[in-house]
Amino acid sequence: MDFFDFHHHKKNTLYGIYNIDFGTVPPESPYSIGIHPKDITVDSVEEQFSWLESNITENCLAIGECGLDSMVPIPQKIQEQIFLRQILISNEIKKPLIIHCVRKFYEVISFKKKARQAVIIHGFNKKERIAEDLLKNNFYLSFGKAVLYHLSLQEIVRNTPLDKMFLETDNECFNIEELYSKVSELKGISLEQLNEQILENLDTIKNG
Ligand SMILES: [Zn+2]
């Protein structure tokens, strides 16, 4: 069985969404494209957007990762402007948004109102309370390797509706099957059922 990797950075992983590096050319396989807060260069924002907009092909499954990050030195206001512009691109081209968020969840929730497509928080590993608020606001959560070790995150996975989740490797090197097995155990369903559900979720977000 093949397991869909919702967000990763590995060119050779073909079954999933490859998040392309800033400034590179998209592959023939499914990918996401966006301006990560850490990659923002304040004096060439227009060039950054022209790279983004000119590289949206039919293999582009999502805009992102983009979002807000309190740990990068780019001023918050600028991060917000660039985030908003990417939300508007996602609306226009009708593709979902993959969000990178560090300690700015409530700001991201307030931006959600502008988004017309599905919005997925990738690499979710924060607190139950934040997960609940995100789910209440109709976000999807994508979980990664941390689920294998963190009991509190396992509890969050138990409480996240199956039709609101994805699974990913991101930058980590491990077999995503391990994560699928862990989650199928936490949810009390078979690997096949989980796999099917994730693919259904993928269809749902593709169709807005
Ligand atoms: Zn990533």
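Small disclaimer: the values here were computed from a predicted structure and weren't measured. (Residues numbered from 1 in each chain as written. Predicted model: local features only at pLDDT ≥ 70, side-chain atom pairs only at ≥ 80, totals over all residues. Heavy atoms only, no water.)

(A) Fine view of the UniProt feature "binding site: a divalent metal cation 1" (unreviewed entry) in the chain. Here, UniProt's "binding site: a divalent metal cation 1" (unreviewed entry) annotation points to Glu65 and Asp170. The largest pairwise C-alpha distance within this set of annotated residues, which runs over 106 residues, is 10.8 Å, so the set is compact in three dimensions. Under the relative-accessibility criterion, Glu65 is labelled buried at 5%. Look past the residues within four positions of Glu65 in its chain and what remains in contact with it is His7, His9, Asn19, Gly34, Ile35, His36, Ile98, His100 and His122. Here Asp170 shows up in the loop between strand S8 (165-167) and helix H6 (176-187). When residues no more than four places from it in sequence are discounted, the contact partners of Asp170 are Asp5, His7, His8, His9, Lys10 and His122. At 3.0 Å, the side chain of Asp170 forms a polar contact with the side chain of His9. (UniProt positions renumbered as here; feature names shortened; annotations may be inferred. Buried < 20%, exposed > 50% of the residue type's maximum accessible area, 1.4 Å probe, protein only. Contact = heavy atoms within 4.5 Å. Helix = DSSP H or I, 4+ residues; strand = E, 2+ residues; numbered from the N terminus. Polar contact = N/O pair within 3.5 Å; in protein donor to acceptor, adjacent residues only side chain to side chain.)

(B) Spatial organisation of the packing of aromatic side chains. For the coordinates displayed, the defined rule picks out eight aromatic pairs. Relative to Phe166, the ring of Tyr140 lies with its centre 5.7 Å away and its plane at 35°, an arrangement referred to as tilted. Highlighted residues: Tyr140 in strand S7 (residues 140-143) and Phe166 in strand S8, separated in sequence by 26 residues. Owing to a relative accessible area of 0%, Phe166 belongs among the buried residues under this scheme. Joined through ring pairs, the aromatic side chains of Phe6, Tyr140 and Phe166 make up one cluster. When the ring centre of Phe49 is taken as reference, the NZ or CZ atom of Arg85 above it lies at 3.8 Å. Directly above the aromatic system of Tyr140 lies the positively charged group of Lys164, at a separation of 4.4 Å from the ring centroid. (Phe/Tyr/Trp six-rings, centres within 6.5 Å; stacked < 30°, edge-to-face > 60°. Lys NZ or Arg CZ within 6 Å of the ring centre and 35° of its normal.)

(C) Molecular detail of the side chain of His8. With respect to the helices and strands, the residue His8 is situated in strand S1 (residues 5-8). Judged by relative accessible area, which is 0%, His8 ranks as buried. Looking at His8, its side chain comes within polar contact range of the main-chain nitrogen of Lys10, at 3.0 Å. The residues contacting His8, other than those within four sequence positions of it, are Thr13, Gly16, Ile17, Tyr18, Asn19, Thr169 and Asp170.

(D) Fine view of the side chain of Gln79. Mapped onto the secondary structure, Gln79 falls in helix H2 (residues 76-93). Excluding anything up to four places from it in sequence, Gln79 contacts Pro37, Ile40, Gly67, Leu68, Asp69, Val72 and Ile74.

(E) Representation of the pattern of salt bridges within the structure. Considering all chains together, one arrives at nine salt bridges under this definition. Lys136 is paired through a salt bridge with Asp133; the nearest N and O atoms lie 3.2 Å apart. Highlighted residues: Lys136 and Asp133, both in helix H4 (residues 128-136), separated by three residues, approximately one helical turn. With relative accessibility at 64%, the residue Lys136 sits in the exposed group. Here the salt bridges do not stand alone but share partners, grouping Arg129, Asp133 and Lys136 into one network. (Salt bridge = Lys/Arg side-chain N within 4 Å of Asp/Glu carboxyl O.)

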